[in-house]
Every structure is written in C-alpha cells, then in structure tokens.
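The primary structure of each chain is shown beneath.
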There are 2 protein chains.
Amino acid sequence: MTTTQTDSKLNGFDAEALKATMAAVSADPAQGVAGFRVTTAWKGGTRSDSRVKGFTLGGRQIAKDFTIRADEPEELLGGNAHANPQELLIAALNACMLVGYVAGASMEGVRLDSLEIETRGELDLRGFLGLDPAVKPGCDSLHYSVRIRGDGTPEQFRKIHESVIAHSPNRFNIAQPIRLTSDLVVG
Amino acid sequence: MTTTQTDSKLNGFDAEALKATMAAVSADPAQGVAGFRVTTAWKGGTRSDSRVKGFTLGGRQIAKDFTIRADEPEELLGGNAHANPQELLIAALNACMLVGYVAGASMEGVRLDSLEIETRGELDLRGFLGLDPAVKPGCDSLHYSVRIRGDGTPEQFRKIHESVIAHSPNRFNIAQPIRLTSDLVVG
C-alpha cells in the first residue's frame, strides 16, 4: 500500500504524540484510564446493532457515534446480513494487535510497507447447543499469522512481535480470563 | 420494536431449524464444527479493514463477504474513522449473548418485545504503553446489563439468562483463557 509519510508521522502514526501520552500517563496514571461502553439492541432474529456513543479518558467524556452490526449466517439460523459475533471477536483481536505493530514499528523508526493479520479458530457447536456439558462453548484456541513488510531488520520485527504479545489489550482480553459480571432487568 | 411473527418463527428466529440442527449435530458431532477466518489489512495509521470471505461448517466451505472496519479515536492516536478494537470486542460479546437470549426465548416459546445489552469496561493504558509491568494490558473486568421485555415469566427470563452465561461462545472466549498461537512472516 502507499502511505503519505513525514518524519513526524512515519506510517501515518504520530510517534511523538505517543511519547507525550506515555509521559503524561506516567506522571498521572489516572489520565490513562480509558472507559468503554457499547449498547447492543436486538433487531429481530439474530440481528443486532451495537452502538458506541462515546468513551472516557482520564475521566473526561469524549463523544463518538458508531454502529457495529452483526448477524448469523443462514446456516447458523440468521439472515447473513452482517459478519457474525465470532468474526467480530477475531476482527477485534486483529485490529488491536495491528495497532500494536504500527505503534511499535513507528517508535522504532521502522517504515511499514504492508501489514496483515489472519486469524483462524473453530467452535464445536455442541457447546453452544448444550448437547454435551464436556464440550466448551467457546474456542479451544486461535491461531494468527502476521505478515509484515518494511525496512526493519528481522530482529526489529521479532521484537515488535513479542511486544504485541506482551502488551496488546485485546490479545490479553482473549488469552487471559476476564471477570464478567451482569445484571438482568426484566420488563 | 415491532416484529412480524408466525408461530414457526417467533422472534424472527426459526426454533424448528434450531431443533433440527441440534438433532443433526447430536447424531454427527463433526457437522457442528464451525471454522472462522478473518484477515485484517493495515490501512495506514491505526486504521484496519477486517475481511471475512467465508466460514466452514461441518467441513463445508460457505462463502460470505463482509468488512469490519476499525480505528482509534484521536485521543488514542488514531483518526476516529470507526469504532475502536475494544468497542468491537464488546460488540462481539454483546452480539453473541444476544443471539443466546433470542434462541433461548424462542425455544421456550417466549415472545420478546425488546432486548438490549449494555456493557462497560475499563483499560489502564499503563499496560499497553509498557509503563508498568504490574499493570495488565487488558481489562480487569467487564459488566453487562441485560434489559429484556416479553411475555415470559421472571423465572423463564432468569433461566434464559443463566443458560447464556453457560453457553455463549464469545462470553466463554472472554471469561475463560483461550490459547493463542502465532507465526510471524517478515517480508
């Protein structure tokens, strides 16, 4: 791909702004608390619209407005209008790790030419269907392939790869157990 | 919301087809293996396009074609063109659980009037930024509120709620540790 680059925004990423963020969060960790909220509305059958109206950073509310749509394919009893929830989860993993590679390369002064992450996983539907309590409802594992090209050395790319493994938020959110709590409001 | 319903597709969901799927997968578990693949391409800066070209079910390849876009907000060094990866992850969780409520209600013969899931979580950016090895890069916890309305009894809704906790694939994928493996291809 072709990207327009200046020294200060190698890879279209502002490494100087990242350094400033690191300094600010280091000085006052409360500035680095990011809060996310997504509200998902049923649209009939297996269709849903997830709405993002804003997020918080350091206690400050920042408006945004995006909708993320989902559906199941016909073979999984939906209308196939959109990607399904498992595909959204994998996209969330890939997109987060991708930011890590771009940030890491930019901090190293490595110009990227291309970057692609392909991830595969399987579900055994006996888990979701409740047919066998010994079968887990989710994935046993996910495997991802990272294809990266640029002017870094193999050692630099390996270092960035390891840093993403250590520091990617969504990689952590999938690889490590996250505590989920809920409340149910009827009517 | 208003949905068009027939007895056979209460909530716009084909409960009879789900029963047929359960019988088929029960008789031949290999028919219930679903394989997902998502390829995410860098689009400059923190932008990415995740492409879904198909999935497999019982070894059969089924074509589809969807793109899931992501970006970081300006405050997190992106261009704010799309929802960010954490929001995508939460949408993936919500959308998957929502399918579970719809399937569960439909199997119980409960007509749903509305269903909404709102999920919140926080990240301490010191983890992603590598500022403190004691700070995890991902979320400590996520909390979701389910607001459901329909002609079920409180006991029925509670039973469906517990079933989603036990059987939702993406809830499992976040609440339980998933093994992640990777390979890095440079150049």
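The shown structure was predicted, so the numbers you read here are calculated from the model rather than taken from an experiment.

1. Here's the deal with the overall build of chain A
Stage number 1. For chain A, the helix and strand inventory stands at four helices and six strands.
Stage number 2. Each helix (α) and strand (β) of chain A, taken in turn from the N terminus, gives the series α-β-β-β-α-β-β-α-α-β.
Stage number 3. For chain A, the C-alpha atoms occupy an extent of roughly 55 × 40 × 30 Å along the three principal directions.
Stage number 4. Across the 187 residues that make up chain A, the buried fraction comes to 48%.
Stage number 5. Summarising the internal contacts of chain A: among those between residues at least 6 apart in sequence, 48% fall at separations of at least 24.

2. Focus: the relation of the copies chain B and chain A
Stage number 1. Note on the identical chains: chain B maps onto chain A by a rotation of 180° and an axial translation of 0.0 Å, with an RMSD of 0.0 Å. Taken together, the rotation and translation relating the two chain copies correspond to the operation of a two-fold axis.
Stage number 2. Same-surface contact between copies: 100% of interface residues of chain B are shared with the interface of chain A.

3. Some remarks on the interface of chain B and chain A
Stage number 1. Residue-level contacts link 113 residues of chain B with 113 residues of chain A.
Stage number 2. For the side of chain B that touches chain A, the element with the most residues is helix α2 (residues 85-108) of chain B, which contributes 14 residues.
Stage number 3. For the side of chain B that touches chain A, the residue count by class is 59 nonpolar, 34 polar and 20 charged.

4. A few points about the sheet that holds strand β3 (residues 60-70) of chain B
Whenever strands of a sheet pair, they do so through backbone hydrogen bonds, lying parallel or antiparallel.
Stage number 1. The mixed open sheet is built from six strands, whose spatial order is β3(B)-β2(B)-β1(B)-β4(A)-β5(A)-β6(B). Lying at the two open borders of the sheet, with one neighbouring strand each, are β3 and β6 (179-186) of chain B. Across the sheet, the mean angle from the axis of one strand to that of its neighbour is 15°, orientation sign disregarded.
Stage number 2. In this structure, strand β1 (residues 33-42) of chain B lies alongside strand β2 (residues 48-57) of chain B, joined through seven bridges in antiparallel fashion. When the bridges of β2(B) are listed, B:W42 appears paired with B:S48.
Stage number 3. Most of the contacts of helix α2 (residues 85-108) of chain A go to β1(B), to which it runs at about 30°, and overall it touches β4 (112-124) and β5 (139-150) of chain A together with β1, β2 and β3 of chain B.

5. Remarks on the sheet that holds strand β1 (residues 33-42) of chain A
Stage number 1. Spatial ordering of the open sheet is given by β3(A)-β2(A)-β1(A)-β4(B)-β5(B)-β6(A), a layout of six strands whose pairing is mixed. Strands at the two margins of the open sheet, each flanked by one partner only, are β3 (60-70) and β6 (179-186) of chain A. Strand after strand, the sheet turns through a mean of 15° between neighbouring axes, direction not considered.
Stage number 2. Contacting β1, β2 (48-57) and β3 of chain A together with β4 (112-124) and β5 (139-150) of chain B, α2(B) runs over the sheet at an angle of about 30° to β1(A).

6. Here we look at unusual backbone geometry
Glycine aside, a negative phi is what most residues show, and trans is what most peptide bonds show.
Residue and element names in this part refer to chain B.
Stage number 1. Positioned with a positive phi, N11 is a non-glycine residue whose angle comes to about 65°.
Stage number 2. Take N11: it is sitting in the segment before α1 (15-27).
Stage number 3. Its 23 C-beta neighbours within 10 Å are what place N11 among the buried residues.
Stage number 4. Look at L77: it is not a glycine, yet its phi comes out positive at around 75°.

7. Here we look at the packing of α2(A) against α2(B)
Stage number 1. Where α2(A) meets α2(B), the axes come as close as 8 Å, and the angle between the chain directions of the two elements is 170°. Here α2(A) is positioned roughly antiparallel relative to α2(B), judged by the angle of their axes. Between α2(A) and α2(B) lies a crossing whose hand is left-handed. Here A:P85, A:L88, A:L89, A:A91, A:A92, A:A95, A:C96 and A:V99 of α2(A) come into contact with α2(B), specifically with B:P85, B:L88, B:L89, B:A91, B:A92, B:A95, B:C96 and B:V99.
Stage number 2. Residues belonging to the contact of α2(A) with α2(B) are distributed by class as follows: 16 nonpolar, no polar and no charged.

8. A closer look at the nonpolar core
Stage number 1. Counting residues in each nonpolar core, the largest one holds 98 residues, and the members touching the most others are A:L88, A:A92, B:L88 and B:A92.
Stage number 2. Two domains each provide a minimum of three residues to this core, namely domain 1 (11-82) and domain 2 (84-177) of chain B.

9. A closer look at the pairing of β1(B)
Stage number 1. Of the two faces of β1(B), the one lined by B:A34, B:F36, B:V38, B:T40 and B:W42 is fully buried and the one lined by B:V33, B:G35, B:R37, B:T39 and B:A41 carries no buried residue.
Stage number 2. Pairing between β4(A) and β1(B): nine bridges, direction antiparallel. Bridge assignment links A:T119 to a residue of β1(B), and that residue is B:V38.
Stage number 3. The antiparallel hairpin formed by β1(B) and β2(B) contains five residues in its connecting segment, where B:G44 sits at a positive phi of about 95°.

10. Brief notes about the pairing of β3(A)
Residue and element names in this part refer to chain A.
Stage number 1. Pairing geometry for β2 and β3, over nine bridges, is antiparallel. Its bridge partner being in β3, F55 is matched across the sheet by I62.
Stage number 2. Here β2 folds back onto β3, and the loop between the two strands holds two residues, one of which, G58, carries a positive phi near 60°.

What counts, and where the lines are drawn
- Residues numbered from 1 in each chain as written.
- Chains lettered and ligands numbered in written order.
- Predicted model: local features only at pLDDT ≥ 70, side-chain atom pairs only at ≥ 80, totals over all residues.
- Helix = DSSP H or I, 4+ residues; strand = E, 2+ residues; numbered from the N terminus.
- Buried ≥ 20, exposed ≤ 12 C-beta atoms within 10 Å, placed from the backbone.
- Contact = placed C-beta atoms within 7 Å.
- Least-squares fit on C-alpha atoms with pLDDT ≥ 70 in both.
- Nonpolar A, V, L, I, M, F, W, Y, C, P; charged D, E, K, R; others polar.
- Pairing = 2+ DSSP bridges.
- Axes fitted to C-alpha atoms, helices over the stretch in contact; angles between N-to-C directions.
- Parallel < 35°, antiparallel > 145°, perpendicular 65-115°, else oblique.
- Left-handed = near helix turned anticlockwise from the far one by under 90°.
- Core = buried A, V, L, I, M, F, W, Y, C linked by C-beta atoms within 7 Å.
- Domains from an automatic or database assignment.

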